[in-house]
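Given next are the chains, with one letter for each unit.
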Amino acid sequence: MAGVRIVDLAEVHAGPLGATLLADLGADVIKVESYPRNSLTRPLRPDARVADGPGPPYERTAPQTQSNRNKRFVALNIRAGPGADVLHRLLDSADVLVEGYAAGTIQRLGFSWDVVHERHPRLTMISMPAWGVRGPYFGYVALGSGVEGTTGHLRARGLPAGGVEDIASTVATDASAPLAVAFASIAALRRREETGEGSFIDLSHAEAFSWYLAGLLGEEVLAGRRYRGQGNADPYVVPHGCYRASGDGPGGSGHWVAIAAETDAQWAGLASLLGHPEWADDGHPWASIAGRLAGRIEIDGILASFVRGRDRWEVADVVQRAGAIAAPVLEPSAMLASPQLQARSWFVPVMHRYLGERLMPGFLTRVAPDAPAWERPAGLVGEHNEEVLSELGYAPAAIAALRAAGVIGDGYGGAGPPAAATAKAGRPRPGRDGGAPPGR
């Protein structure tokens, strides 16, 4: 996607990560952050998201650093007349605009699709409020927990005896929408080759995430079967569960391993591992899926006894070698020790000005021969103001005037970044830890 410019107005994770996926493919992504208002992932005071280190708290949060690689950063007050002019000039050179405000917000800011399309007819605009641009939820604000609630996920997850109040929300919604952003952008650019005009894309997180429950919804609509909470079980597969292994996890949660046998052949391998190959022989009640469904409680008990006292990694290995399905249940920190991820060098060492060198998550795909790379770490507030505005034709005096008027800035809460960073937290070095290569 070299030669394509994306303007990223989105915040938190879903929209920013969607733009990041396009940056990974070579697009020039310019993240326009609000100013002087700080975004949700840039807290002014330290909280649980802020890592230790020098510099402002808003430069040291995990959501900000993980979702915004390979971009250039501008901090701009688009409510001000001169700031709106800067954004329009930027859109003159852009191919896709991504915004994720609540429905109606972008219109109040003066950048509705009608306005944008009239002034920039070749530009595609992706608006991605949680529930879409139109409908009775117009103007509602949201986080992933709200989307999970309205798409059935809080009823579909959890243990049968528990309630929805016992289920922790996740960021799964924020992981589904970014893929839609990348797909929609590329499709719209392909369409522009044919029509010469950009497209407006109404991208609802809830509608994208609803496909994660397509099977359950289909069963209710097509087969009339009502879903009831299954916990770790599966209505059509036995065994299918999580079993306690040796060791203790965070907060006393213990170590666990997930085991399943979806087919008769997988069950035969697991039965042999358990020392009872006859459980898979013709005539035995458990030789069929129907029989195993009827024997779910007893089979779960046998597996629980087999796993108890064993290491989760070792259990997963022996079950896999037997031909069944198994994997250790890992807390996020344990992913760092995953032999699979380590062997594939999935974690990438990235140098950040204030955090030093940190291991960061890798990429969704491995493309040969042009593999993606962390060419830029997540930028600092307004780090590329002068660079980008100069490209747009602003003279140094005009840029200084915008800064003096508070239209652009490089810090929140009345303080910018320190004048110099420590040696440990230096600027990225090209080619190794996130520095931009020449010409990028």
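Note that this is a predicted model, so its numbers are computed, not measured.

(A) Seen up close, the sheet that holds strand 2 (residues 28–34). The six strands lie next to each other as 3-2-1-4-5-6, forming an open sheet whose pairing is parallel. In the strand order of this sheet, the two ends are held by strand 3 (71–76) and strand 6 (200–202), each with one partner. Each adjacent strand pair in this sheet contributes to an overall mean axis angle of 20°, direction not counted. When strand 1 (residues 5–8) meets strand 2, the two strands line up parallel, connected through four bridges. For Ile6, the partnering residue across the bridge sits in strand 2 and is Val29. Its contacts with the sheet put helix 1 (residues 14–24) on strand 1, strand 2, strand 3 and strand 4 (96–99), and the angle it makes with strand 1 is roughly 165°. Strands in contact with helix 3 (residues 81–92) are strand 1, strand 2, strand 3 and strand 4; relative to strand 1, the strand with the most contacts, it is inclined by about 150°.

(B) A look at the pairing of strand 3. Among the six residues that make up strand 3, six are buried, leaving the element largely enclosed by the rest of the structure. On strand 3, burial covers both faces: Lys71, Phe73 and Ala75 on one face and Arg72, Val74 and Leu76 on the other are all buried. Pairing between strand 2 and strand 3: six bridges, direction parallel. When the sheet's bridge partners are listed, Val32 is paired in strand 3 with Val74.

(C) Up close: the pattern of salt bridges. The final tally for this structure, using the stated rule, is 19 salt bridges. With a closest N to O distance of 2.7 Å, Arg37 and Glu11 form a salt bridge. Linking Arg37 in the loop between strand 2 and helix 2 (62–66) with Glu11 in the loop between strand 1 and helix 1, this pair joins segments that are 26 residues apart in sequence. On the accessibility criterion, Glu11 (21% relative accessible area) is partly exposed. Where Glu193 meets Arg190, a salt bridge forms, and the shortest distance between an N and an O atom there is 3.3 Å. Taken together, the residues span about one helical turn, with Glu193 and Arg190 both in helix 8 (residues 172–195) at a distance of three residues. One salt-bridge network, held together by shared partners, links Arg5, Asp28, Arg72, Glu387 and Glu391.

Criteria and cut-off values
- Residues numbered from 1 in each chain as written.
- Predicted model: local features only at pLDDT ≥ 70, side-chain atom pairs only at ≥ 80, totals over all residues.
- Heavy atoms only, no water.
- Pairing = 2+ DSSP bridges.
- Helix = DSSP H or I, 4+ residues; strand = E, 2+ residues; numbered from the N terminus.
- Axes fitted to C-alpha atoms, helices over the stretch in contact; angles between N-to-C directions.
- Contact = heavy atoms within 4.5 Å.
- Buried < 20%, exposed > 50% of the residue type's maximum accessible area, 1.4 Å probe, protein only.
- Salt bridge = Lys/Arg side-chain N within 4 Å of Asp/Glu carboxyl O.

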